[in-house]
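Coordinate analysis (summary)
So the chains spell out like this:
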Amino acid sequence: MSAIDVEALLTIVRNHGNRPTQLLQILREVQDRFRHVPHWAIEQISEVMGVPRTQIQGVAEFYSFLSLEPQGRFHILLSDSISDHLLGSRELGAYLCERLRVQPNETRNDGRVSFAYTSCTGLCDQGPAGLVNGQWLAQLDRAKVDRIVELVETDVPLSSWPAELFGVADNVRRTGLLLDNPVVPGSALRASLQRGLEATFAELEKSGLRGRGGAGFQTAWKWKFCFEGPEELAVCPTDKGQQTVERYVVCNADEGEPGTFKDRMLLHSHAHQVFEGMTLCADIVGARQGFLYLRGEYLALRPTLEAVLAERRTAGLLGNGILGRPDFDFDIEIHMGAGAYICGEESALIESLEGKRGVPRNRPPYPVTHGYLGRPTVVNNVETFAAAAAIGLKGGDWFAAHGTEKAKGSKLLSICGDCERPGIYEYDFGVSLAEILRDCGARDPLGIQVGGPSGVFVSAREFDRKLAFEDLATGGSFMIFDQSRDILAIARNFTQFFAHESCGFCTPCRVGTSLLSNTLDKICDGHGTPHDLVELTKLGKLVKGASHCGLGQTAANPVLSTLERFPELYESRLKTISFEPGFDLDGALATARRLSGRDDALAHLEQEGL
Amino acid sequence: MSIHTISIDGQTVPFEDGDTVMSAATRAGIYIPHLCHNPEFTPHGSCKLCTVKVNGRNCTACTFPADEDQTVLNNTPELTELRRTITQMLFVEGNHFCPSCEKSGNCQLQAVGYHLNMLDGHFPHFYPSREVDASHPDILLDRDRCIYCELCVRASREADGKNVFAIAGRGVLNHLVVNSASGLLKDSDLQASDKAADVCPVGAILVKRHGFEAPIGARIYDRQTLAEASLAREMRPEGAENE
Ligand SMILES: Cc1cc2nc3c(=O)[nH]c(=O)nc-3n(C[C@H](O)[C@H](O)[C@H](O)COP(=O)(O)O)c2cc1C
Ligand code: SF4
Ligand code: SF4
Ligand code: FES
């Protein structure tokens, strides 16, 4: 490390005001600059910020996009989402590695390039997709890979790479209630001002809007609980003027569920509306600070988003004295994630906002009353805020006239997989799966994964089911698989995803997801027995019932829902014996054979089950 | 002076404001199996061994607040099986060689295995490669046996004011790290007299030169069941020494 390096590091820390809550943001910039988080940097940061080294190391090792070992000057990631697999991403990855002469998870000796697979890049409608130094690469093919290899080998800086490599499309295929009625910047806030805050809140309540992030909690209630605050602060102001407790508004733009990319489009093309919804929320609950928690994979959106924020500040829609009201101050800061699906879980997200590892908190208390820095905090999905802004402008009845009894309004879907027109579709709640399949041009579908890996696999027999909280709830992921696809391979991909993304805090999820993944591997590799199916079901139920947070509670869904619907597919992979050991005795001797230089018949062992 | 009560396995149990299901149960002399919980430190809720059914839903007794109208199930065949499976998971995830471990007989993981009638590991072992740190003159850190209960983390922070330990990594790659420039225990400010050196429920952190002071056969859980020993330790009023 040189004096220049140290100075660069100290500048990064200083730019973040030495605040421990900025630790993840600081480490992201350190990673960017040094291609890793060097040991000396941990020491320095610990010293100047007074944060224990262990916390810094803990954070650096938790997030996939940070590393303690140097990555290449060009760091390439390829998405491992199932939709990318269907489009041949693994073969493409192997080709890329061969051409670049690197192994996955390794950095080439000259330090120029490194390669790895990553969970999901949010480009499932335009895969195979990946990232190079955090910038999106869409619709990759061999020709593009050749081009990338050439650029890497000739050391062309990323800023000079041809723009067409980075092109990402919105792919909006069908609009509805929300997308047909965009909110002009400021108009929802003005309407609400005219109507009065109480009346606007009543409109939100009347709209019946429920969270768009998956769980579907009533948005109005969430805002109300935040406004009322925790019991021990019962002196909580009913009148904003006397407000003493800080409150926070957080937009959850983590969008980590594989197959979900509708928030990407909203942030790209409707950021004003999303921020307007956050500002409306801040007005109602009495918050002065907001955060947009943006997943690391969406780094490319950041400049656009910063520009929109700046525009809003200039227009008096953010900052001090919004709309000329001296009592209304609110601003929004962007916080970047760094490759961790668990950070979409709201309490893990808050931990991450505070600069820590993304480990979900114990509940109760809930974030609405004890969130960011222990203060009342609203966490809502991107689409929820966009819808809230529209309701603020057009009123609750306008919204509630659409959808079903328990699911008002419309829903944005991200459709990918085996269909002619992947992309974003907006429907009123209550739409049937069959109608959606028709619209996007799905031929001969075998089944749909609704709600991403944590959702359910719906088979062709169930295509008359409806999207609504009454039937199939969804955060927006809609992955289609045709008859040629292997269900077990799909379940295996999803299960590996959860095992990779488990935060590791609690035993059932940390160990259970690995056991599920290993058992599926055993079955897929042809070593499974009927005993393993029984085990799989028991294990799945335990992981579901005993895990600490939503990740573990849903991690077994792919296994359980496919086992239930397609038992014959699992059975056809099994050996006829009832039991086979989970390890490969002969395989275990491979090291000994290599060391002894012996590979004759007697150096091998037969292994038979019962 | 509280008249609030909950029901645990049909027994009426009084609770006070701020009680968790675990603390109310302990005061009433009811044992709920646990590993990451120790009443002296902030509840953690990670091992999930204390899972009970509260009004039909699984909850961790050590973190879940006691409240009116709670019907808690603790000692049921279903919960015993769940806890046994979780214990098996902890065994296969690390490297536990009970017969050669100095902690045998004093180890809560082992004792909970006996308590739950766990007869085998059931799952294939992970055989992870974990580092032993014997650098400290007085303390041994054998990560093979760590179950990520974070008791040492909490004890170091809350009782010793030192922050010697933390968990780093993610998922199955989690590992215990030590706060020193070299990452070694000898360069940290951990002392054998620290709470953190004494709190580990398994044999991951051991104070050196005290091995076999009590011979096997005369150790804590050789003489008392885990339930008796835990209750005797934890029913005592706050501030009492643990051991
Ligand atoms: C593992 C996990 C990942 C999640 N990821 C997201 C996400 O990426 N975006 C999101 O809005 N909600 C996500 N959620 C749900 C959030 O915890 C939370 O319910 C949501 O942000 C609330 O917003 P809403 O009420 O507007 O839906 C996730 C939940 C879990 C358990
Ligand atoms: S369920 Fe999984 S992700 Fe959630 S806290 Fe437990 S280990 Fe972490
Ligand atoms: S070393 Fe012991 S006390 Fe610390 S986390 Fe591991 S098992 Fe728990
Ligand atoms: S003792 Fe309650 S979760 Fe560990």
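Calculation criteria
- Residues numbered from 1 in each chain as written.
- Chains lettered and ligands numbered in written order.
- Predicted model: local features only at pLDDT ≥ 70, side-chain atom pairs only at ≥ 80, totals over all residues.
- Heavy atoms only, no water.
- Helix = DSSP H or I, 4+ residues; strand = E, 2+ residues; numbered from the N terminus.
- Rg over C-alpha atoms; globule rule 2.2 N^0.38 Å.
- Buried < 20%, exposed > 50% of the residue type's maximum accessible area, 1.4 Å probe, protein only.
- Contact = heavy atoms within 4.5 Å.
- Areas by Shrake-Rupley, 256 points an atom, 1.4 Å probe, with all protein chains shown as cover.
- Lys, Arg positive; Asp, Glu negative; His and termini not counted.
- Charge placed at Lys NZ, Arg CZ, Asp CG, Glu CD.
- Near = heavy atom within 4 Å.
- Polar contact = N/O pair within 3.5 Å; in protein donor to acceptor, adjacent residues only side chain to side chain.
- Nonpolar A, V, L, I, M, F, W, Y, C, P; charged D, E, K, R; others polar.
- Pairing = 2+ DSSP bridges.
- Axes fitted to C-alpha atoms, helices over the stretch in contact; angles between N-to-C directions.
- Parallel < 35°, antiparallel > 145°, perpendicular 65-115°, else oblique.
- Left-handed = near helix turned anticlockwise from the far one by under 90°.
- Buried area = accessible area lost by both parts, 1.4 Å probe.
- Salt bridge = Lys/Arg side-chain N within 4 Å of Asp/Glu carboxyl O.
- Phe/Tyr/Trp six-rings, centres within 6.5 Å; stacked < 30°, edge-to-face > 60°.
- Lys NZ or Arg CZ within 6 Å of the ring centre and 35° of its normal.
- Patch = residues over 30% accessible without salt bridge, like charges linked within 9 Å, V, L, I, M, F, W, Y side chains within 5 Å.

1. So, the overall build of chain A
For chain A, the helix and strand inventory stands at 25 helices and 15 strands. For a compact globule of 610 residues, the expected C-alpha radius of gyration is about 25 Å, and chain A comes in at 25 Å, within 12% of that figure. Expressed along its principal axes, the backbone C-alpha trace of chain A runs to roughly 85 × 65 × 50 Å. With 610 residues in all, chain A has 60% of them scored as buried. Partitioning the intrachain contacts of chain A with sequence separation of at least 6 by distance along the chain shows that 72% fall at a separation of at least 24. Surface exposure of chain A reaches about 23400 Å², of which carbon and sulfur atoms provide 52%. With 62 positive and 79 negative side-chain charges, chain A shows a separation of 2 Å between the mean positions of the two kinds.

2. Here we look at helix H14 (residues 346–353) of chain A
Judged by how many residues are buried, H14(A) sits mostly within the fold: 7 of 8 residues are covered. Two residues or fewer after H14(A) comes Gly355(A), characterised by a positive phi angle close to 90 degrees.

3. Observations regarding the site of ligand 1
Residues and elements named next belong to chain A. The immediate surroundings of ligand 1 are formed by 18 residues, with Gly 213, Glu 255, Asn 380, Asn 381 and Thr 384 found nearest. A distance of 2.7 Å separates an oxygen atom of ligand 1 from a polar atom in the backbone of Gly 213. Between ligand 1 and the protein, one listed contact pairs an oxygen atom with a side-chain N or O atom of Thr 384 at 2.6 Å. Look at ligand 1: alone it shows 600 Å² of surface, and the protein chains cover 88% of it. Those elements giving two or more residues to the shell around ligand 1 turn out to be strand E10 (377–381) and helix H21 (550–554). Ranked by residue count, the leading element in the shell around ligand 1 is E10, at 3 residues. When the residues that make up the shell around ligand 1 are grouped by side-chain class, the tally is 3 nonpolar, 9 polar and 6 charged.

4. Considerations on the sheet that holds strand E8 (residues 289–294) of chain A
All names here are of chain A. If you walk across this open sheet you meet the 4 strands as E9-E8-E7-E10, and the pairing is parallel. At either end of the open sheet lies a strand with only one pairing partner, and these are strand E9 (331–336) and E10. Mean inter-strand twist for the sheet, computed between neighbouring axes without regard to direction, equals 20 degrees. Along the sheet, H14 contacts strand E7 (248–253), E8, E9 and E10; its crossing angle with E8, the most-contacted strand, is approximately 105 degrees. Contacts from helix H15 (residues 382–394) reach E7 and E10, with the element oriented near 95 degrees to E10.

5. Regarding the packing of helix H2 (residues 77–93) of chain B against helix H3 (residues 108–115) of chain B
Residue and element names in this part refer to chain B. At their nearest, the axes of H2 and H3 sit 10 Å apart, and the two run at 140 degrees to each other. Relative to H3, the element H2 is oriented oblique. Handedness of the crossing formed by H2 with H3: left-handed. Contacts from Thr 87, Leu 90 and Phe 91 in H2 reach Leu 109, Gln 110, Val 112 and Gly 113 in H3.

6. What to know about the interface of chain A and chain B
The partner chain B presents 39 residues to the 39 residues of chain A that form the contact. Between chain A and chain B, a total of about 3000 Å² is buried, with carbon and sulfur atoms accounting for 57% of that surface. Ranking the residues of chain A by area buried against chain B places Thr54(A), Phe505(A) and Arg510(A) at the top, with a combined share of 19%. Taken together, the connections running from chain A to chain B amount to 2 salt bridges. With a shortest N-O distance of 3.3 Å, Glu501(A) and Arg170(B) are connected by a salt bridge. Applying the counting criterion to the chain A and chain B interface returns 21 residue pairs in polar contact (both at pLDDT 80 or more). Where the side of chain A that touches chain B is concerned, the elements lending two or more residues are helix H3 (39–49), helix H4 (53–62), helix H18 (487–501), helix H19 (507–524) and helix H20 (530–546) of chain A.

7. A few points about the side chain of Ser547(A)
Residues and elements named next belong to chain A. Take Ser 547: it is sitting in the loop between H20 and H21. Residue classification places Ser 547 among the buried positions, given a relative accessible area of 7%. Within polar-contact distance, the side chain of Ser 547 engages the backbone oxygen of Val 543 at 2.7 Å. Ignoring any residue separated from it by four or fewer positions in sequence, one finds Ser 547 in contact with Cys 506, Pro 508, Cys 509, Leu 542, Gly 552 and Gln 553.

8. Observations concerning the site of ligand 2
Residues in close proximity to ligand 2 total 13 residues, the closest being Cys503(A), Cys506(A), Cys509(A), His548(A) and Cys549(A). Broken down by class, the residue content of the shell around ligand 2 amounts to 8 nonpolar, 5 polar and no charged.

9. Here we look at the sheet that holds strand E6 (residues 132–133) of chain B
Strands sit in the order E6-E7-E10 (chain B) across an open sheet of 3 strands; the sheet is antiparallel. Looking at the sheet topology across the chains shown, the edges are occupied by E6 and strand E10 (205–207) of chain B.

10. What to know about the packing of aromatic side chains
Aromatic ring pairs are defined here through the distance separating the ring centres and the angle between the ring planes. Counted under the stated rule, the structure contains 19 aromatic pairs over all chains. A cation over a ring is seen here: Arg90(A) above Tyr117(A), with NZ or CZ 3.7 Å from the ring centre.

11. Here's the deal with the pairing of strand E12 (residues 423–428) of chain A
Residue and element names in this part refer to chain A. Across the 6 residues that make up E12, a large majority, 5, are buried. The sheet contact formed by strand E6 (residues 172–174) and E12 spans 2 bridges and is parallel. In the sheet register, Val 172 faces E12, and the bridge partner there is Ile 424. Inspection of the sheet shows strand E11 (residues 410–417) paired to E12 by 6 bridges, in the antiparallel sense. By the bridge assignment for E12, Ser 410 is matched with Asp 428. The antiparallel pairing of E11 with E12 creates a hairpin that spans 5 residues between the two strands.

12. Notes on a nonpolar patch on the surface
A cluster of nonpolar side chains, namely Phe217(A), Trp221(A) and Phe225(A), defines an oily patch on the protein surface of about 310 Å² accessible area. With respect to the secondary-structure elements, Trp221(A) resides in helix H10 (residues 219–228).

13. Section: the packing of helix H12 (residues 271–285) of chain A against H15(A)
Two packed helices can be described by the angle between their axes and the distance between those axes. All names here are of chain A. At a closest axis distance of 7 Å, the pairing of H12 and H15 adopts a crossing angle of 75 degrees. Judged on the interaxial angle alone, H15 and H12 are roughly perpendicular. When H12 is examined against H15, the residues Gln 273, Val 274, Glu 276, Gly 277, Met 278, Leu 280 and Cys 281 are found in contact with a partner set consisting of Val 382, Phe 385, Ala 386, Ala 388, Ala 389, Ala 390 and Gly 392. Of the residues in the contact of H12 with H15, the class split is 10 nonpolar, 3 polar and 1 charged.

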